[in-house]
Amino acid sequence: MFKTLALLNTLEENHPDLFPTDDSPPRPWAIGIHTAIQTRYQVSKRVARKALSMWLEQNREAYQAALWEKGIRHDLDGNEVGKVEREC
C-alpha cells in the first residue's frame, strides 16, 4: 500500500493536469496509461493500476465529465494522443 500511495502522490505532483488535487478538471488519460506509469516510475502493473483506481475513487465524477467535455486523451507528458471514443 505504501508504494501505491507514494506513486499516487508522485503522479499528482508531476502531472497536475492529469491528476489535479484541487477543483481543476482533469484531462482524460491515454488508453493504457498504466503501462507508461509502470515504465516511467518502475512500478508493477498492480501498483500502477491501484494508484489510478485510488485516484478515480475520489475523482470519478470530475474525470467522467472531462471525458465528455474535452474529448482528447493525453499521455504523461501532456501530449494529445487521441480522441475519446463514445460508444452508443
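Provided above is the structure to which this section pertains.
Remember, it's a predicted structure, so these values are computed and weren't measured experimentally. (Residues numbered from 1 in each chain as written. Predicted model: local features only at pLDDT ≥ 70, side-chain atom pairs only at ≥ 80, totals over all residues. Heavy atoms only, no water.)

So, helix H1 (residues 2-14)
Argument step 1. When the terminal C-alpha atoms of H1 are compared, their 18 Å separation across 13 residues agrees well with the 18 Å that a helix rising 1.5 Å per residue should span.
Argument step 2. Along H1, the positions that sit buried rather than exposed are Thr4, Leu7, Leu8 and Leu11. With its buried residues spanning 100° around the axis, H1 presents them on a single face. Projecting away from the buried face of H1 at angles above 90 degrees are the exposed residues Phe2 and Glu13.
Argument step 3. In the core, the buried residues of H1 are packed alongside helix H2 (33-41) and helix H3 (45-70). (Helix = DSSP H or I, 4+ residues; strand = E, 2+ residues; numbered from the N terminus. Expected span 1.5 Å × (residues − 1). Buried < 20%, exposed > 50% of the residue type's maximum accessible area, 1.4 Å probe, protein only. Arc of directions from axis to C-beta. Contact = heavy atoms within 4.5 Å.)

Things to note about the packing of aromatic side chains
Argument step 1. Tallied over the entire structure, the rule returns 5 aromatic pairs.
Argument step 2. Aromatic pair phenylalanine 19 and tryptophan 29: ring centres 5.2 Å apart, planes at 35°, arrangement tilted. Placement of phenylalanine 19 in the loop between H1 and H2 and of tryptophan 29 in the loop between H1 and H2 is noted, with a sequence separation of 10 residues between them.
Argument step 3. A relative accessible area of 0% means that phenylalanine 19 is categorised as buried.
Argument step 4. With a centroid separation of 6.4 Å and an interplanar angle of 90°, the aromatic rings of tryptophan 55 and tyrosine 63 are classed as edge-to-face.
Argument step 5. Under the relative-accessibility criterion, tryptophan 55 is labelled buried at 2%.
Argument step 6. Its relative accessible area of 8% is what places tyrosine 63 among the buried residues.
Argument step 7. Grouped by ring-pair contacts, the aromatic residues Phe19, Trp29, Trp55 and Tyr63 constitute a single cluster. (Phe/Tyr/Trp six-rings, centres within 6.5 Å; stacked < 30°, edge-to-face > 60°.)

Re H2
An α-helix turns once per 3.6 residues; consequently, residues spaced three or four apart project the same way.
Argument step 1. Here H2 has its buried residues at Ile33, His34 and Ile37. In a view along the axis of H2, the buried residues occupy a sector of 100°, so they form one face of it.
Argument step 2. Against the buried residues of H2 lie H1, H3 and strand E1 (72-74).
Argument step 3. Phi for glutamine 42, located one or two positions after H2, is positive at around 50°.

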